[in-house]
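One-letter residues, chain by chain:
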Amino acid sequence: MAEASRILQSGFLPHFPHNSPSHRTTLHFNSSYTFHRRNNTTPNLINIRCSSSISAAETTKPTKTENFPWGCDIDSLENASTLQKWLSDSGLPEQKMGIQRVDVGERGLVALKNIRKGEKLLFVPPSLVITADSKWSNPEVGAVLKQYNVPDWPFLATYLISEASLMKYSRWSNYISALPRQPYSLLYWTRSELDRYLEASQIRERAIERINNVTGTYNDLRLRIFSKHPDLFPEEIFNIETFNWSFGILFSRLVRLPSMDGRVALVPWADMLNHNCEVETFLDYDKSSQGIVFTTDRAYQPGEQVFISYGRKSNGELLLSYGFVPREGTNPSDSVELSFSLKKSDKCYKEKVEALKKHGLSASECFPIQVTGWPLELMAFAYLVVSPPSMSRQFEEMSAAASNKSTSKKDMKYPEIEEKALQFILDSCESSISKYSKFLQASGEMDLDITNPKQLNRRVFLKQLAVDLCTSERRILFRSQYILRRRLRDIRSGELKALNLFDGFRNLFK
């Protein structure tokens, strides 16, 4: 559902990823792209939208959500009518949309009447929105968390578990019963599944990082709070399985509302809206109507599914938080992250590392590649990697330009090493293309080795998601490979012409 912002704003808790609007720069080939790089040394989770390490053995067992008494199957409509009635009785105005099974997203909101372009919909009142200020059915639990100044993300995750455990005695029981019992999220992939299906993609590292962050956040809460108040936080309710569930709900459904000072919230009913890459409308608080709304950017006929945008996210990010991959070529915001590193054999390795550290960077960084090119920060990093000792005075300038936090000039050029810098990027692209191709070639022959029909269906589904993601990411790299080769050919052709011209002049004077 709605866009996950990506920061846990942790105090004593592990740091989560920052997915707020990132610094916008110009792509290397005359295109614009929002550059958002993750720091490899800092665990990232999600603007919305979690540090202990986790081993392969610890993540081989799937979360035991089959026995959860909370929620329903992800495609179930069994609780939809009850949810709609409860929302209406609680102050939700009459709607032009209803929950139905849909082709895109299992469940979604479908137009019941003609909907005009530019029309405001939903009008969910603040009383039906879950935020950090929401009233607890068990006030003692909330009071303890507030006493420890727990940040919004883990606070809301704990709130959701507390309310879910009370079932019909919670005010939110009708909402919780309509939530998916197992949210689509990479949190629910085992380590062996991540290794097997996403080995070629950088999203695998992001998923492992997120699992580690959720686990670390839970362990921190258990150590500092839950163990000291076992009567309020019994382990049979507040455990890693239930936290995986609640964080899975937050990752896929929490929204940040700009007009409410960026507050994060769960918005019942609105979180049934699915994402469309071509839609640009999003949820926000409307002061005039005093409700959560969105304004349609197109007209809908009765029976058509109504969409919003979860934000400009790559296919990998959509899989990471929401568990789906758009059709190849349909996501204009799609990109693939590649990891680039300084060479330890470089004579100036230490000096370059020091220059990078001054600007919050490390010797190994991830950069996004889009079908139209790559960010200027990557070009600056490539210049630094291939620069010789004679250019040591420029190390600082290159490092500053490689940082997306820097306001220094980005579009710098060093003609004398441009060819080497472009070749460095090309080599990384082609190395990754080889990994993707190897996976895709082997995917048709993968032995799923599953006898349980339910598990077989799950593995087939996960493999298809991985194939779709790797196909879209490899497509971007193929395009980048073409652009790089053409640029290198032009440079070398220009050098050859210059050399031929020089030889011509020299021959005139013989």
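Residues numbered from 1 in each chain as written. Predicted model: local features only at pLDDT ≥ 70, side-chain atom pairs only at ≥ 80, totals over all residues. Heavy atoms only, no water.

**Q** Outline the side chain of Ser246, listing residues and values.
**A** Mapped onto the fold, Ser246 is located in helix 7 (residues 240-253). Residue classification places Ser246 among the buried residues on the basis of a relative accessible area of 0%. Once residues lying within four places of it in the same chain are set aside, the contact partners of Ser246 are Ala157, Leu160 and Ile161. (Helix = DSSP H or I, 4+ residues; strand = E, 2+ residues; numbered from the N terminus. Buried < 20%, exposed > 50% of the residue type's maximum accessible area, 1.4 Å probe, protein only. Contact = heavy atoms within 4.5 Å.)

**Q** Go over the packing of aromatic side chains with me, naming the residues and quoting the values.
**A** Aromatic ring pairs are described here by two measures, namely the spacing of the ring centres and the angle between the planes. Scanning the entire structure with this criterion turns up 21 aromatic pairs. A centroid spacing of 5.3 Å and a plane angle of 50 degrees characterise the contact between Tyr218 and Phe243, whose relative ring orientation is tilted. Taken together, the positions of Tyr218 in helix 6 (residues 203-224) and Phe243 in helix 7 put the pair 25 residues apart, joining distant regions of the chain. As far as the burial class goes, Tyr218 and Phe243 line up, both buried. For the ring pair Phe226 and Phe238, a centre distance of 5.6 Å and an interplane angle of 50 degrees mean the geometry is tilted. Here Phe226, found in the loop between helix 6 and helix 7, pairs with Phe238, found in the loop between helix 6 and helix 7; they are twelve residues apart in sequence, far enough to count as distant. For the pair Phe226 and Phe238, one class covers both residues: buried. Members of the aromatic cluster, connected to one another through ring pairs, are Trp153, Tyr218, Phe226, Phe233, Phe238, Phe243, Phe247 and Phe251. Above the ring of Trp172, the side-chain terminus of Arg171 is found at 4.6 Å from the ring centroid. Residue placement shows Arg210 over the ring face of Phe251; its charged tip is 4.1 Å from the ring centre. (Phe/Tyr/Trp six-rings, centres within 6.5 Å; stacked < 30°, edge-to-face > 60°. Lys NZ or Arg CZ within 6 Å of the ring centre and 35° of its normal.)

**Q** Pulling in residues and values, what's your account of the nonpolar core?
**A** Judged by nonpolar contacts, the single largest core of 140 residues is most densely connected at Leu122 and Ile425. Examining the composition of this core, we find that twelve residues originate from one element, helix 13 (residues 453-508), more than from any other. Non-local contacts of Ile425, meaning those with residues more than four positions away in its chain, are made with Phe340, Trp374, Leu378, Met379, Ala382 and Leu484. (Core = buried A, V, L, I, M, F, W, Y, C linked by side-chain atoms within 4.5 Å.)

**Q** Mind laying out the environment of Ala157, listing which residues take part and the relevant values?
**A** Relative to the assigned elements, Ala157 resides in helix 3 (residues 152-166). Residue classification places Ala157 among the buried positions, given a relative accessible area of 0%. Between the alpha carbons of Ala157 and Ile249 there is a distance of 8.5 Å; along the sequence they are 92 residues apart. Among all residues touching Ala157, those that are not within four sequence positions of it are Phe243, Ser246, Phe247 and Leu250.

**Q** Could you give an account of the sheet that holds strand 10 (residues 291-295), naming the residues involved and the relevant values?
**A** Spatial strand order, 5-10-9: three strands in an open sheet with antiparallel pairing. Edge positions in the open sheet fall to strand 5 (120-124) and strand 9 (284-286), since each of these has one partner strand only. Taken over all neighbouring pairs, the strand axes of this sheet differ in orientation by 45 degrees on average, direction set aside. Taken together, the four bridges between strand 5 and strand 10 define a ladder with antiparallel strand orientation. (Pairing = 2+ DSSP bridges. Axes fitted to C-alpha atoms, helices over the stretch in contact; angles between N-to-C directions.)

**Q** How would you sum up the packing of helix 10 (residues 376-386) against helix 12 (residues 418-443)? Please name residues and give values.
**A** Packing of helix 10 against helix 12 brings their axes to within 8 Å, and their N-to-C directions diverge by 110 degrees. When the axes of helix 10 and helix 12 are compared, the pair comes out roughly perpendicular. Taken together, the residues of helix 12 that come into contact with helix 10 (itself represented by Leu378, Met379, Ala382, Tyr383, Val385 and Val386) are Glu418, Lys420, Ala421, Leu422, Phe424 and Ile425. When grouped by side-chain class, the residues that make up the contact of helix 10 with helix 12 number ten nonpolar, no polar and two charged. (Parallel < 35°, antiparallel > 145°, perpendicular 65-115°, else oblique. Nonpolar A, V, L, I, M, F, W, Y, C, P; charged D, E, K, R; others polar.)

**Q** Tell me about helix 8 (residues 315-322), residues and numbers included.
**A** The element helix 8 is extensively covered by neighbouring structure, given that eight of its eight residues are classed as buried. Looking at the residues trailing helix 8, positive phi occurs at Gly323, about 80 degrees.

**Q** Tell me about helix 2 (residues 139-147), and name the residues and values.
**A** Residues separated by three or four positions in an α-helix point in the same direction, a consequence of the helix having 3.6 residues per turn. Every buried residue belonging to helix 2 is among Val141, Gly142, Val144 and Leu145, and all of these are buried. Relative to the axis of helix 2, the buried residues are bounded by an arc of 160 degrees and lie together on one face. Structural note: helix 2 exposes Pro139, Glu140 and Gln147 on the side pointing more than 90 degrees away from its buried face. (Arc of directions from axis to C-beta.)

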